[in-house]
Amino acid sequence: MKVLVAVKRVIDYNVKIRVKADKTGVETANVKMSMNPFDEIAVEEAIRMKEAGKATEVIAFSAGPTQCQETIRTALAMGADRGVHVVTDGELQPLAVAKLLKAVADKEQPGLIIVGKQAIDDDSNQTGQMVAALLGWSQGTFANKIDVADGSVTVKREVDGGLENVKLKLPAVITTDLRLNEPRYASLPNIMKAKKKPIDQHKPEDLGVDVAPRLKTLKVEEPAGRKAGIKVKTVAELVEKLRNEAGVI
Amino acid sequence: MPLDSDTLEQLVDTVGRFVRERCIPLEEQVAEQDKVPDDLIEEMKGLGLFGLTVPEEYGGLGLNTEEESRVVIELGHAAPAFRSVCGTNIGIGSQGLINAGTEEQKRKYLPGVASGEIITSFGLTEPEAGSDAAGLKTQARRDGNHWILNGTKRYITNANVAHLLTVMARTNPAKGGSGISAFLIERGTPGLRFGKPEKKMGQQGAHICDVIFEDCKVPAVQMLGGEAGEGQGFRSAMKTLDRGRIHVAALCVGMAERIVEESLKYAAERKQFGQPIANFQLIQAMLADSQTEAYAMKTMVMDAARRRDAGEDTAMLASCAKLFCSEALGRIADRGVQIHGGAGYIRSYAVERFYRDVRIVRLYEGTSQIQQIIIAREMMRGQKA
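Residues numbered from 1 in each chain as written. Chains lettered and ligands numbered in written order. Predicted model: local features only at pLDDT ≥ 70, side-chain atom pairs only at ≥ 80, totals over all residues. Heavy atoms only, no water.

A. Inspection of the nonpolar core at higher detail. Membership of the largest hydrophobic core comes to 70 residues, with the highest contact counts inside it found for V5, L112 and V153 of chain A together with L11, L49 and F82 of chain B. It is helix α1 (residues 5–23) of chain B that provides the largest number of residues to this core, a total of 7 residues. Excluding residues within four positions of it along the chain, L112 of chain A makes contact with M1, K2, V3, L4, M49, V148, V153, L170, A172 and I174 of chain A. (Core = buried A, V, L, I, M, F, W, Y, C linked by side-chain atoms within 4.5 Å. Buried < 20%, exposed > 50% of the residue type's maximum accessible area, 1.4 Å probe, protein only. Helix = DSSP H or I, 4+ residues; strand = E, 2+ residues; numbered from the N terminus. Contact = heavy atoms within 4.5 Å.)

Right under this line is the structure:
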């Protein structure tokens, strides 16, 4: 069984995000970029499946500018076998990525697609669900544990108020949650070897996908700063304020 | 062959992340328990850190001096005890073998050195021979197919856990430096004994101890470089120290950057007179001086490393870098404590620990004074020519 994992190049989680002066987006020039942490979990899970003999090949997919190759290389260094890079410079929204993923899945015929539940830049949480819908495959989102058996996969999902087990028929789409696994560091020898693993490049047109954005970003703003609190003198005053000003009791 | 820039950046980035996420959170524990946890050591092995400088054909990464320096700077961001775990395998413990070992010796040991299965150690210093390395007293007497060693080595890093020691001993009492040979001595060789780890000022978690030879019977094939290695030991040792000095200077850069970062963070948080102390110009002066020196250090290390990789003789430059970086690091650590004020004297602040940790760097792998002598000697050699 082939496993297709999608990896997104995002601003590194350690970087303090700054909004551009013209409020059209966030500053990305000279900012450290890395793989979306949820996608790292997806790559790790796919590699573990291969190590356990449940997957035969792990393909890492990414869409975006040339630099996305670095992100694919990271996946290859962790243990993925080869990469697929859809090269495009414009803004990519979840629906466009889902369509690209579908096109690649049509070609590669994977048994599983694993993606992070969301990316830490736009927090959309849509791509996995959309690609499942486009392919007409079952989906197991927010995976906490995955068990692949013959022809099916059991996914323990993190849902409000607990965990839910679902059994899906393969092929299927899974999105990873934080507690699924702890991704490995790529070993230094494997980083060097990753350079020799192949990365196929495509353009969206080659795949017959129109990636033009459907949504327009109007304005991006910093969250409002926290206002200073006040000190109350008595419990009575506190209760009075909670009741009349905050309206919480 | 040098790595392409993408691969090198990814390598450096991965080590940086490992240091930040895995090592730094354990610093206090390591300092308190005087031990780097075994599972972290296993992770370091898995990462490939022990084989940074071992050639690829023997299972290592074969990094050149510049690439090694980049990685070591990252390692230097954590307490130096972590770097010490793999430091001897990267540097003095393996370089002799790589430079002067026979093919058979390399095949036998280097793959294990690269994977971290074999921990190495380097024995040159003695109770009465430190800076005067050529005056070492440990004797090796030929006895058929063996050499019989007698003597004591002092302050030997990682000796307590080493599987393989490169040891300098005198095979010809009549000669000075050229009467010294190097031996590859395995743990468990009869007549080899270790002293108790010393209690040090800093770098808890990294260990040094005496290595004692009492009629230690070493097979003749264990002479570094085989029979032809007789009398070459001192030369190989000195060659090893050249790259080692750049390595130490790179380590200094890493520690300097960390101390600057800690100092800046503290200065931005600590309030006096109603505002962060970073707003005060006298604090700013200290921060700026440290930043400037840290930058100069890095520039110097990178230049020396690149020139060494280009094939230049860098004996003088390596000493310049080691001298400047270790001395500047001492000043930066001192300012770090000063910026922290009273907190800088308290154990729970990293800067207090670094202040003690960095003191050794001006002493080991050649004291500052020895570096000055080497630099001046190289300068004067140019003058005569």
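What follows picks up the thread again.
B. A look at empty space enclosed by the protein. All names here are of chain B. Under the counting rule described, the total for this entry stands at 1 cavity of 30 Å³ or more. Taken as a whole, the largest cavity encloses approximately 40 Å³ of empty space. As for the largest cavity, its lining consists of E27, V30, A31, A79, A81, Q203, Q204, R353 and D357. Of all elements in the fold, only α2 (27–33) and α11 (350–357) reach the threshold of two or more residues within the lining of the largest cavity. For the lining of the largest cavity, the element with the highest residue contribution is α2, accounting for 3 residues. Per-class residue counts for the lining of the largest cavity are 4 nonpolar, 2 polar and 3 charged. (1 Å grid on protein atoms, 1.4 Å probe; cavity = no way out; pocket = protein on both sides within 12 Å on 5 of 7 lines; lining within 4 Å. Points joined across faces, edges and corners; volume = space filled by probe spheres on them. Nonpolar A, V, L, I, M, F, W, Y, C, P; charged D, E, K, R; others polar.)

C. A look at the interface of chain A and chain B. Contacts between the two partners involve 16 residues from chain A, matched on the other side by 22 residues from chain B. Remark: the boundary between chain A and chain B carries 4 salt bridges. The residue K32 of chain A makes a salt bridge to D13 of chain B at a minimum N-O spacing of 2.5 Å. The interface formed by chain A and chain B contains 7 residue pairs in polar contact (both at pLDDT 80 or more). Contributions of two or more residues to the side of chain A that touches chain B are made by α2 (68–78) and α5 (188–194) of chain A. (Salt bridge = Lys/Arg side-chain N within 4 Å of Asp/Glu carboxyl O. Polar contact = N/O pair within 3.5 Å; in protein donor to acceptor, adjacent residues only side chain to side chain.)

D. Spotlight on a nonpolar patch on the surface. Side chains of I230, V232, V235, L238, V239, L242, V248 and I249 of chain A sit close together on the surface and give an oily, nonpolar patch of about 690 Å² of accessible area. Residue classification places L242 of chain A among the partly exposed residues on the basis of a relative accessible area of 30%. (Patch = residues over 30% accessible without salt bridge, like charges linked within 9 Å, V, L, I, M, F, W, Y side chains within 5 Å. Areas by Shrake-Rupley, 256 points an atom, 1.4 Å probe, with all protein chains shown as cover.)

E. Looking closely at the pairing of strand β10 (residues 172–176) of chain A. Residue and element names in this part refer to chain A. Here β10 lies mainly inside the structure; 5 of its 5 residues are buried. Side-chain alternation along β10 places A172, I174 and T176 on one buried face and V173 and T175 on a second face that is also buried. Pairing of strand β7 (residues 138–149) with β10, which is carried by 4 bridges, proceeds in the parallel orientation. In the sheet register, G140 faces β10, and the bridge partner there is I174. (Pairing = 2+ DSSP bridges.)

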